[in-house]
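Now for the letters of each chain:
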Amino acid sequence: MICDIDFEKITTCIFDVNGVLIDSNRANALAMSRAFDAEGEMRERIVKLYLQLTGVDRGTKIRMVQERIIGKPFEEGEFDSRWEKVKALAHGAMSEAPLIPGCREVLEALGRRGRSRIALSNTPEAELREVLAANGLDKFLDVIRGGGDWPKTESLARLLREYELDPRECIFFGDGKGDLEAAGHADVAFFGIDPGTGEFEGEKNLCGVLENLAEWGRNIGLL
C-alpha cells in the first residue's frame, strides 16, 4: 500500500543508511557479536537481538546487549572499549556490504529532479562518511548526518531545525520502528523498507512498505 503523496511538492528525501541504502544489517549484527568476543550460542543471541533493534542508536544497542545477553553491569571503561570495537568492525562490514537494489539509481534520479538527498544514520558521522565514500554514494548525497549515543528521533528533529526544512515537504525512508517513531514525532511522511522480515506488520502512520528503493522509484515513475 502506498499513500497518496504529491511528489511534486516534495523537496527533500531523507534516507537511513543500514538496510535502506546499504544491505549491511546482518554484517553489523555479526560485528556487534565479535565486539563482545561472543561465540556459538551467545553470538547467535546477540545477532538475533541486534536485528530486532533496527532504527536504534549504537549506544543503546551496546547497552541492551550487555543487559539482556551478558547479564551484568559494565566494568569501568568497558562501554567505551566495546564502542571502539564495534566502530572498527562495523566500518569494515558496511564498506564491504552490497547496495540495496535501486539505491544508486534513485539517488541519481532525485538529483536530476532537483530534490535534496540526505543520509541520516545512527552510525557516527566520520565513520558514516568513510563508508558512503567506500560505496561510491557520497557524491549522490547533498547532506550526510551521522548519529551516536542518542535516538533517531533527536537526530531527525535536529536535522529539520538546522536546515529549516518543512516536514510537509520531506519523505523519510527507514527500515526499523525507531525510524518510524522518529518520522511520526517530526510529522514527516515515512516509507518502510522491508525485504520480507515483517518489521512493520500491524504498524500504522506510514505511507507504505517497500521491498527496496527500486520499488518506490518505479511506483512514482522515477526509474
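Scroll up a little and you will see the structure.
First things first, this report covers the structure right here in the doc. The residue numbering used here restarts from 1 in each chain and proceeds along that chain's sequence as written. Local features in this predicted model are restricted to residues whose pLDDT is 70 or higher, and side-chain atom pairs enter the listing and the counts only when it is 80 or higher, whereas totals over whole chains, interfaces and linings include all residues. Only heavy atoms go into the side-chain values, all of them from the structure, while hydrogens and water stay out.

Geometry of an aromatic ring pair is reported as the spacing of the ring centres plus the angle between the planes. Each Phe, Tyr or Trp ring (for Trp, its six-membered ring) is paired with any other whose centre lies within 6.5 Å, and the angle between the two planes then decides the class: stacked below 30 degrees, edge-to-face above 60, tilted in between. The tally for this structure, following the rule as stated, stands at nine aromatic pairs. Geometrically, the ring pair formed by Phe-173 and Trp-216 is edge-to-face, given 4.8 Å between the ring centres and 70 degrees between the ring planes. A residue pair is termed long-range when its members are at least 10 positions apart, and Phe-173 in strand β4 (residues 170-174) and Trp-216 in helix α9 (residues 213-219) qualify at 43 residues. The exposure class assigned to Trp-216 is buried, which follows from its relative accessible area of 2%. Where Phe-191 meets Trp-216, the ring centres are 6.4 Å apart and the plane angle is 55 degrees; that geometry is what we call tilted. Taken together, the residues span a long stretch of sequence, with Phe-191 in strand β5 (residues 189-193) and Trp-216 in helix α9 at a distance of 25 residues. We count a stretch as a helix when DSSP gives it H or I for four or more residues in a row; a strand needs E for two or more, and each element gets its number in order from the N terminus. Any residue under 20% of the maximum accessible area for its type is buried, any over 50% is exposed, and the rest in between are partly exposed; the area is computed with a 1.4 Å probe on protein chains only.

Working rule for helices: expected span equals 1.5 Å times residues minus one. Over its 13 residues, helix α3 (residues 58-70) extends 17 Å from the first C-alpha to the last, a length consistent with the 18 Å expected when each residue adds 1.5 Å. By the burial criterion, the buried members of α3 are Arg-58, Gly-59, Lys-61, Ile-62, Met-64, Val-65, Gln-66 and Ile-69. Whenever a nitrogen or oxygen atom comes within 3.5 Å of another N or O atom, the pair is scored as a polar contact, on the condition that within protein one atom can donate a hydrogen and the other can accept it, and that pairs from neighbouring residues in sequence are kept only if both atoms are in side chains. Where α3 begins, one side-chain oxygen reaches toward the backbone nitrogen of Gly-59, 3.3 Å away; that side chain belongs to Asp-57. Just beyond α3, the residue with positive phi is Gly-71, at close to 80 degrees.

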